[in-house]
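What follows is each chain in one-letter form.
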Amino acid sequence: MATHGTRGRSGGRPTLEEVAARAGVGRGTVSRVINGSPRVSDATRAAVEAAVAELGYVPNTAARALAANRTDAIALVVPEPETRFFAEPYFSDMLKGVGAELADTEMQLLLIFAGSDKERRRLAQYLAAHRVDGVLLVSVHADDPLPDMLAQLEIPAVISGPRSAAETLTSVDSDNYGGARSAVEHLVSHGRSRIAHITGRLDVYGAQRRVDGYRDALRDAGRPADELLIEAGDFTEEGGVRAMRALLERCPDLDAVFAASDVTAAGARQVLREAGRRIPDDVALVGYDDSAIARHMEPPLTSVRQPIEEMGRKMIDLLLTEIADRRPAVSRGLTERTQVVLATELVTRASS
C-alpha cells in the first residue's frame, strides 16, 4: 500500500493544490517557492518545503513548462555591440550580479547581443516564439523598440534604468542625478571654478540625469553651467578622447572634468597628459562607476560608485517575481510599476 507521503488524495502523484492545502497557503505561493522566487517569507517557504517533503511532491519540470508555457530560461539582452560589452566593466559587473542571484534557482541565463539590425530582427523572432520566461534589458536607449515589443508580447521584463521619467516597465537604476551632484559639489569644494562635463550618450536617460545633476550643482553653487564646458560623449574611451580634445580647444582655461564613466575619464586623461596638463594640479578629474579602471589609473581616479552588482541582483529578484506572477508589470497598470533607485557614493582619490 502506498503511503500518504507518496500519494495524493486522488491516489496518484501529489498535486500542487494538495501541497498548498497541507501548507495552509495558496497555490500561487507554492508555485513561487518551487520556482525560487525571493518574494516569500522564510516561515512560508519552510511550511511549503515541509509539505512538499511530507507529501513526496516532485515537480514535473517538463509538464510544468508545457502547461505554463515555461522554459526555465531568462535572456540578458544587451542592445550594444559585443565589443562594448567586453570593453566596459559596467557590463561584466552587471552580469556578475545577475549570475550570483540566479545561482540558487533552476533558471538558465542566455546572453543575447542585439546591437545590429540583423541581431534585433533575429531576437524579435526568438522572443515571439516565447523561448524564454523573462528578459533583462541592459543599456536601453530612449528610442529602443525592444521594451515596447516585450510589452506587446507580454513577456516579463526588467530594464537597467528607465527610458524616461514615464517608464512603464519595471526598472532598476542608480541615483544618476545624485551621483553627478556629489561629483560636482566635491570639485567646487576644492576650489575648481571651470568644471567641464563629458556626457554619456544623451539618448540614455541615466546620462541625461547626470547632466541635470551637473547643472543643478553648479547653479546651487552660484555658478550657472557654461554650455561651452559641456561636450557630448558616449561612455567609451574613444568618446572621452574626442570630447576632451574639443573641450581643451574651446575652453583651455578649464580646471576640472567630470566624465560620465571611468572609461571616458581614461580617454580624457590621455588627452590631458598629451597636452601637458597635470592631474590634479592643473586639471582635476572625476569619473563614474568606480570600476577597477578607477583604482588602477595613475593617479587613482575619484569616481562615483554605483552598486552595479546589486543592481543586477535586484533586477533578477524583480524578474523572478513577475515570472512567478506570470504578469508583466506593464499589464498591471502604471500604478503598480516598480522603479528601484539605488544610492551612489563618491569615492575620492588622488585625481581630484
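In this report, we go over the structure that sits alongside the text. (Residues numbered from 1 in each chain as written. Predicted model: local features only at pLDDT ≥ 70, side-chain atom pairs only at ≥ 80, totals over all residues. Heavy atoms only, no water.)

So, the overall build of the chain
Keep this limit in mind: By the criteria applied, helices consist of DSSP H or I runs no shorter than four residues and strands consist of E runs no shorter than two, each listed in order from the N terminus. Type-normalised accessible area, obtained with a 1.4 Å probe on protein chains alone, sets the label of each residue: buried when under 20%, exposed when over 50%, and partly exposed for intermediate values. Throughout, a residue-residue contact means that at least one pair of heavy atoms, one from each residue, lies within 4.5 Å. Where accessible areas are quoted, they stem from the Shrake-Rupley method and a 1.4 Å probe; at the residue level, only the protein chains shown are allowed to cover. In this tally, Asp and Glu contribute negative charge and Lys and Arg positive charge; neither His nor the terminal groups of the chain are included. Where a charge lies is defined by one atom per residue type: Lys uses NZ, Arg uses CZ, Asp uses CG and Glu uses CD.
Each helix and strand in the chain was counted, giving 14 helices and 12 strands. Taken over the C-alpha atoms alone, the chain extends approximately 90 × 40 × 35 Å along its principal axes. Within the span of the chain, comprising 352 residues, buried residues form 51% of the whole. If you take every contact in the chain between residues at least 6 apart in sequence, the share linking residues at least 24 apart comes to 72%. Looking at the chain as shown, the accessible area adds up to about 15,500 Å², and 50% of this sits on carbon and sulfur atoms. Between the averaged position of the 43 positive side-chain charges in the chain and that of its 51 negative side-chain charges there is a distance of 3 Å.

Points about helix α2 (residues 27–34)
Stated formally: Each C-beta atom gives one direction from the helix axis, and the arc is the one those directions make.
Listed in full, the buried residues belonging to α2 are Val30, Ser31 and Val33. For α2, the arc enclosing every buried residue in end-on projection is 160 degrees, short of the 170-degree limit, so these residues lie on one face. Lining the buried residues of α2 we find α1 (16–23) and α3 (42–55).

Section: unusual backbone geometry
Residue proline 280 follows isoleucine 279 across a cis peptide bond; omega there is 5 degrees. Here proline 280 is to be found in the loop between α12 (262–274) and β9 (284–289). Here the residue pair glutamate 298 and proline 299 is connected by a cis peptide bond, since its omega of 0 degrees sits within 30 degrees of zero. Positionally, proline 299 belongs in the loop between α13 (292–296) and β10 (302–305). Located in the positive-phi region is aspartate 72, a residue other than glycine, with phi close to 55 degrees. Along the chain, aspartate 72 falls in the loop between α4 (61–68) and β1 (73–78). Of the residues examined, aspartate 72 reaches a relative accessible area of 11% and is grouped as buried.

What about the pairing of β10?
Convention followed: The criterion for strand pairing is that DSSP finds at least two bridges linking the strands in question.
Bridging between β9 and β10 involves 4 bridges; their strand directions are parallel. Bridge pairing links tyrosine 288 to valine 304 in β10. The pairing of β10 with strand β12 (residues 345–347) spans 3 bridges and is classified as antiparallel. Each residue of the ladder has a partner; that of valine 304, found in β12, is leucine 346.

Some thoughts on the pattern of salt bridges
To be explicit about the condition: The salt bridge criterion pairs a side-chain nitrogen of Lys or Arg with a carboxyl oxygen of Asp or Glu, the two atoms within 4 Å.
By the definition in use, this model includes 25 salt bridges. Between arginine 219 and aspartate 216 there is a salt bridge whose closest N-O contact spans 3.2 Å. Pair noted here: arginine 219 and aspartate 216 are both in helix α10 (residues 205–220), with a separation of 3 residues, about one helical turn. Each member of the salt-bridge network shares a partner with another, and the members are Arg181, Glu185, Asp216, Arg219 and Asp220.

Observations concerning the sheet that holds β10
Sheet strands pair by backbone hydrogen bonding; their relative direction is either parallel or antiparallel. Filter applied, for reference: Where helices are involved, their axes are fitted lines through C-alpha atoms of the stretch in contact, as for all axes, and angles between N-to-C directions lie from 0 to 180°.
The strand order β7-β6-β8-β9-β10-β12 describes an open sheet built from 6 strands, whose pairing is mixed. Where the open sheet ends on each side, the last strands, each with one partner, are β7 (230–231) and β12. Pairing of strand β6 (residues 195–198) with strand β8 (residues 256–259) involves 4 bridges; the strand directions are parallel. Within the sheet, the bridge partner assigned to alanine 196 lies in β8 and is valine 257. Most of the contacts of helix α9 (residues 176–189) go to β9, to which it runs at about 165 degrees, and overall it touches β6, β8, β9, β10 and β12.

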